[in-house]
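Architecture and fold: a report
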Amino acid sequence: MKNDKPTNTVNLQGRVGTLPEYSHDMYGERFYEFKLNVPRLSEHLDIIPVTVSEELSAKLTLDSQIAVSGQFRSFNRPDGERSRLILSVYAREITPPEPDANPNTAELVGYICKPPIYRTTPFNREICDILLAVNRAYSKSDYIPCIAWGKNARLLKNAPVGQKLDVCGRIQSRQYTKRLSDDCSEVRTAYEFSIGSVELLQKDSEVASTSDDDDN
């Protein structure tokens, strides 16, 4: 792997599901967020939050079909006494969609920053959750939750903290129920990187790789 290879790339195609709403200011520029409905092969929709500049937001109309290229980013938002990890695709470019293109592709190069969590489902499907730290400019990092399946899960379950990975896959959304108290809960949406193939890297050299072609 070359040193100048991008460490964080995302390409999505889908339908604009919500109009942009103001999110935040940074360095004097206003940013907005909208939801992009991205189809899977299984006909399920991943509903992905996308952050855009004010200039790019002017190109968006509800229900329009677009292509987005950018990066999968994270930041911490205060939530009471704790903070929540917020994930969003940062759009660098918005263009018309390309016919027959894969609507959801992404690649990350980063480092495992927590011990992997390996488990099996009631149907004996193997799953491994990892948190990947992906470096970007100005000494910042994005912390991206990733999920691996099958042989990828077996490869990663014993990977040490600090292991460098190159993962290819897609961004996915899923709903879960968060229990707030004994008699109160709410449905929330989680976003994560679903790993389709993985390379374990050491000093920019591949030492192992696998792939999983399932449409999860």
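This write-up is about the structure you can find in this document. (Residues numbered from 1 in each chain as written. Predicted model: local features only at pLDDT ≥ 70, side-chain atom pairs only at ≥ 80, totals over all residues. Heavy atoms only, no water.)

Let's talk about the packing of aromatic side chains
- In this structure the tally under the stated criterion is two aromatic pairs.
- Aromatic side chains tyrosine 22 and tyrosine 32 sit 6.1 Å apart centroid to centroid with 80 degrees between the ring planes, which places their arrangement in the edge-to-face category. Here tyrosine 32 lies in strand β3 (residues 29–39) and tyrosine 22 lies in strand β2 (residues 21–26), a separation of 10 residues in the sequence.
- Taking relative accessible area as the criterion, tyrosine 22 reaches 43% and is therefore assigned partly exposed.
- A ring pair is formed by phenylalanine 31 and tyrosine 90, whose centres lie 6.2 Å apart and whose planes are at 50 degrees; its orientation type is tilted. Linking phenylalanine 31 in strand β3 with tyrosine 90 in strand β6 (residues 82–95), this pair joins segments that are 59 residues apart in sequence.
- On the accessibility criterion, phenylalanine 31 (6% relative accessible area) is buried. (Phe/Tyr/Trp six-rings, centres within 6.5 Å; stacked < 30°, edge-to-face > 60°. Helix = DSSP H or I, 4+ residues; strand = E, 2+ residues; numbered from the N terminus. Buried < 20%, exposed > 50% of the residue type's maximum accessible area, 1.4 Å probe, protein only.)

Thoughts on unusual backbone geometry
- Although it is not a glycine, asparagine 124 adopts a positive phi angle of roughly 65 degrees.
- By the element assignment, asparagine 124 lies in the loop between β8 (117–120) and β9 (126–136).
- The backbone phi angle of tyrosine 138 is positive, close to 60 degrees, even though this residue is not glycine.
- One can find tyrosine 138 in the loop between β9 and β10 (140–149).
- Judged by relative accessible area, tyrosine 138 falls into the exposed class, the value being 78%.

A short note on the pairing of strand β11 (residues 164–181)
- Sheet topology places strand β7 (residues 104–112) next to β11; six bridges connect them, and they run antiparallel. Bridge assignment links leucine 108 to a residue of β11, and that residue is valine 167.
- By the bridge criterion, 17 bridges tie β11 to strand β12 (residues 184–202) in an arrangement that is antiparallel. Residue pairing in the sheet places tyrosine 176 in a bridge with arginine 188 of β12.
- Adjacent in sequence and paired antiparallel, β11 and β12 are bridged by two residues. (Pairing = 2+ DSSP bridges.)

Details of a positive patch on the surface
- On the surface, Arg77, Arg82, Arg84 and Lys178 cluster together to form a positively charged patch.
- The topology assignment puts arginine 84 in strand β6. (Patch = residues over 30% accessible without salt bridge, like charges linked within 9 Å, V, L, I, M, F, W, Y side chains within 5 Å. Areas by Shrake-Rupley, 256 points an atom, 1.4 Å probe, with all protein chains shown as cover. Salt bridge = Lys/Arg side-chain N within 4 Å of Asp/Glu carboxyl O. Lys, Arg positive; Asp, Glu negative; His and termini not counted. Charge placed at Lys NZ, Arg CZ, Asp CG, Glu CD.)

Points about the pattern of salt bridges
- Enumeration over the complete set of coordinates arrives at 11 salt bridges.
- Among the ionic pairs, arginine 154 bridges to glutamate 126, the shortest N-O distance being 2.4 Å. With arginine 154 in helix α2 (residues 150–156) and glutamate 126 in strand β9, the pair connects residues that are 28 residues apart, well separated along the chain.
- In this structure arginine 154 comes out as partly exposed when scored by relative accessible area, which is 43%.
- Residue glutamate 126 is classed as buried on the basis of its relative accessible area, which comes to 18%.

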